[in-house]
Amino acid sequence: MKRIILALVLLLPNLIYAQAGTLKPAPEFAGIKIDSSLDYCVKQFVAKGYKLEKSENNIATLKGTLGADDIELFLIATISSKKVWKAAVYFPEQSTWSGLKQKYSTLKDLLDS
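Residues numbered from 1 in each chain as written. Predicted model: local features only at pLDDT ≥ 70, side-chain atom pairs only at ≥ 80, totals over all residues. Heavy atoms only, no water.

(A) Inspection of the side chain of Thr 61 at higher detail. Within the secondary structure layout, Thr 61 lies in strand β4 (residues 59-66). With relative accessibility at 7%, the residue Thr 61 sits in the buried group. The contact partners of Thr 61, leaving out residues within four places of it in the chain, are Lys 51, Leu 52, Glu 53, Lys 54, Glu 72, Leu 73 and Phe 74. (Helix = DSSP H or I, 4+ residues; strand = E, 2+ residues; numbered from the N terminus. Buried < 20%, exposed > 50% of the residue type's maximum accessible area, 1.4 Å probe, protein only. Contact = heavy atoms within 4.5 Å.)

(B) Here's a closer look at the pattern of salt bridges. Across all of its chains, the model carries 1 salt bridge by this definition. Note that Lys 54 is salt-bridged to Glu 56, the shortest N-O span being 3.9 Å. By relative accessible area, which is 45% here, Glu 56 ends up partly exposed. (Salt bridge = Lys/Arg side-chain N within 4 Å of Asp/Glu carboxyl O.)

(C) Molecular detail of helix α2 (residues 38-47). Every buried residue belonging to α2 is among Leu 38, Cys 41, Val 42 and Phe 45, and all of these are buried. The arc that holds every buried residue of α2, seen down its axis, measures 100°, which confines them to one face. Exposed residues lying more than 90 degrees from the buried face of α2 are Asp 39, Lys 43 and Ala 47. Looking one or two residues past α2, Gly 49 carries a phi angle of roughly 110°, positive in sign. (Arc of directions from axis to C-beta.)

(D) Region of interest: unusual backbone geometry. Positive phi, close to 50°, is recorded for Asn 57, a residue that is not glycine. Take Asn 57: its relative accessible area is 68%, and that puts it in the exposed class. Phi is positive for Asn 58, which is not a glycine, with a value near 65°. Along the polypeptide, Asn 58 turns up in the loop between β3 (51-56) and β4. Here Asn 58 falls in the buried class, since its relative accessible area comes to 17%.

(E) Geometry of the sheet that holds strand β5 (residues 69-77). Read from one edge of the open sheet, 4 strands run β3-β4-β5-β6, paired in antiparallel fashion. If you trace the sheet from one side to the other, it starts and ends with β3 and β6 (84-90), each paired once. With strand direction ignored, the average angle separating the axes of adjacent strands in the sheet is 20°. Judged from the 6 bridges that link them, β5 and β6 form a sheet pairing that is antiparallel. Residue pairing across strands places Ile 76 opposite Lys 86, the latter belonging to β6. (Pairing = 2+ DSSP bridges. Axes fitted to C-alpha atoms, helices over the stretch in contact; angles between N-to-C directions.)

(F) Fine view of the pairing of β4. One ladder, built from 5 bridges, connects β3 with β4; its direction is antiparallel. Bridge pairing in β4 links Glu 56 to Ile 59. Joining the antiparallel neighbours β3 and β4 is a turn of 2 residues, in which Asn 57 adopts a positive phi near 50°. Pairing geometry for β4 and β5, over 8 bridges, is antiparallel.

Structure (structure tokens):
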């Protein structure tokens, strides 16, 4: 009896967590979901006005604008499934800490909306 109760106590939280994990929405960047294939994501960003600079070794490099800034966007896909698992963005260099903080806040608000 104690084993059954112990098994339920250990198993129940895992089942609840596994179920909750399936309800998580797909990650987005600039209104485009980035949980699909690399080719699909690149086509979506190109359609939105980004320019494909390079695509090799499961990494696509795009250039475009976000807000009023020119950015460089890197989409990184897994080797086996070719699904995008990471998006990295390089923003223009700032010369002061306060300028960097202000730019970060502005762009964060833009992406959150």
